[in-house]
Amino acid sequence: MKNKKNIALGALVAVLGTSVAMGTSYALYSVTPADQVIHIGANTNQDIELVVGEVTNAGATAVVSPESDHVFDFDIGFNKPVNSTYTQSVYLAKLTVTVTSENDSLLQGMVSANSGFKVDPDKAYYGDYWGGTAGEAKFVAGTGSVVASVTVPIDETVDLDTKVTLSLSGMDGSTFATTVADATYNISIDLTAPDADYGMAYIVGGDSGWETIDKYLMVPNPKASQYEWSYHMEAGLLTGGSQFKCKTTNETWSPDPNWTYVASDMDGKYLRWDGNSTHNMELTATLEDTVTNW
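Read on for a plain summary of the structure. Keep in mind it's a predicted model, so treat the numbers as computed, not measured. (Residues numbered from 1 in each chain as written. Predicted model: local features only at pLDDT ≥ 70, side-chain atom pairs only at ≥ 80, totals over all residues. Heavy atoms only, no water.)

### Describing the sheet that holds strand 18 (residues 270-273)
Inference 1: With antiparallel pairing, the four strands of this open sheet are ordered in space as 14-15-18-19. Taken across any chain shown, the strands that pair with only one partner, and hence form the sheet edges, are strand 14 (219-220) and strand 19 (282-284).
Inference 2: In this sheet, strand 18 lies alongside strand 15 (residues 229-232) in antiparallel orientation, the contact comprising four bridges. Paired with His-232 across the bridge in strand 18 is Tyr-270. (Pairing = 2+ DSSP bridges. Helix = DSSP H or I, 4+ residues; strand = E, 2+ residues; numbered from the N terminus.)

Below, the structure written as structure tokens:
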């Protein structure tokens, strides 16, 4: 992982980040007092490594109370091993932060206070869309837990800071003293592949047999001002003269006519599409460039 932070979450005793391949889950961070544990999990079904970096305490205390939020942050990103077949430098991942406790008042207090997290809170990397509310999640009540989750694009070369705030700001002191002060809670951080029902988009055409295959999987444009799909047209991914379109898994197609792949015109550029069946595809030199033909 790039630019790892120094460790400081209360009396944090483990100094390890994660670079965890698919299907594994590690408990790497433990905190004093012992009632708080940060469990780190990262997995994906593709041949990349999802990465959760070291946890840093951004507040004055490692516990939450009506007078003091518990604010901490960590980086997220992904790596491509040398033998990876994944073609893009951006990956769509699901980040979930879960707080579990046997004390319902504690959990309800966190939900009432709008506790949650935001990816890239300073918008140092994201454009307006993902840098807005699309990149944040509030905790909602579960069974013995509160859960905040969001699916966002992450980058191979830039670590994205994620800031989590646990708050009991709406709780009065008497309630805290009598029902919450002795509560214990655990925190879990999981970075995974998107849910199976998350609608994706692909380049389809002669090279894919007009089927959706991972080699031509598009990813959301992290730099965009609206939700749109993008695909970096690396040399050699398509055959010269082949026909192609864009298609989502819910059977929405980019409009006719088909496009013809011409390496000299398309290699190194970004194919972009907003997922609308009446809006055409666009090629731009960078993900930040303005799209003119939608």
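### Observations concerning the side chain of Thr-248
Inference 1: Of note, Thr-248 is situated in strand 16 (residues 243-248).
Inference 2: Leave out the neighbours within four places in its chain, and Thr-248 touches Met-200, Ala-201, Trp-229 and Trp-273. (Contact = heavy atoms within 4.5 Å.)

### Brief notes about unusual backbone geometry
Inference 1: The omega torsion of the bond from Asp-256 to Pro-257 falls at 0°, within 30 degrees of zero and hence cis.
Inference 2: Structurally, the position occupied by Pro-257 is in the loop between strand 16 and strand 17 (259-260).
Inference 3: Residues other than glycine seldom take positive phi values, yet Asn-114 does so here, at roughly 60°.
Inference 4: Mapping Asn-114 onto the fold places it in the loop between helix 1 (104-112) and strand 7 (116-119).
Inference 5: One non-glycine residue, Trp-210, lies in positive phi territory at about 60°.
Inference 6: When you line up the elements, Trp-210 lands in the loop between strand 13 (201-205) and strand 14.

### Quick word on the sheet that holds strand 17
Inference 1: What the three strands build is an open sheet, ordered 13-16-17; its pairing is antiparallel. Bordering the open sheet on either side are strand 13 and strand 17, each of which pairs with just one other strand.

### Side note on helix 1
Structurally, the α-helix is built with 3.6 residues per turn, so residues lying three or four positions apart point the same way.
Inference 1: Within the sequence span of helix 1, burial applies to Leu-106, Leu-107, Gly-109 and Met-110. One side of helix 1 carries all its buried residues, which in axial view fall inside an arc of 160°. Seen from the buried face of helix 1, the exposed residues on the opposite side, beyond 90 degrees, are Gln-108 and Ser-112.
Inference 2: Elements that come into contact with the buried residues of helix 1 comprise strand 6 (90-100), strand 10 (145-155), strand 11 (160-166) and helix 2 (173-180).
Inference 3: If you check the start of helix 1, you find a side-chain oxygen 3.0 Å away from the backbone N of Ser-105, and it comes from Asn-103.
Inference 4: Downstream of helix 1 by a residue or two, Asn-114 has a phi angle that is positive, lying close to 60°. (Buried < 20%, exposed > 50% of the residue type's maximum accessible area, 1.4 Å probe, protein only. Arc of directions from axis to C-beta. Polar contact = N/O pair within 3.5 Å; in protein donor to acceptor, adjacent residues only side chain to side chain.)

### Some words on the pattern of salt bridges
Inference 1: Summed over all chains, the structure comprises eight salt bridges.
Inference 2: A salt bridge links Asp-73 to Lys-163; its shortest N-O distance comes to 3.8 Å. Here Asp-73 is found in strand 5 (residues 70-79), whereas its partner Lys-163 is found in strand 11, with 90 residues between them in sequence.
Inference 3: Note on Asp-73: relative accessible area 7%, which makes it buried.
Inference 4: Its relative accessible area of 28% is what places Lys-163 among the partly exposed residues.
Inference 5: Between Lys-118 and Glu-136 there is a salt bridge whose closest N-O contact spans 3.8 Å. Linking Lys-118 in strand 7 with Glu-136 in strand 8 (residues 136-138), this pair joins segments that are 18 residues apart in sequence.
Inference 6: Here Glu-136 falls in the partly exposed class, since its relative accessible area comes to 30%. (Salt bridge = Lys/Arg side-chain N within 4 Å of Asp/Glu carboxyl O.)

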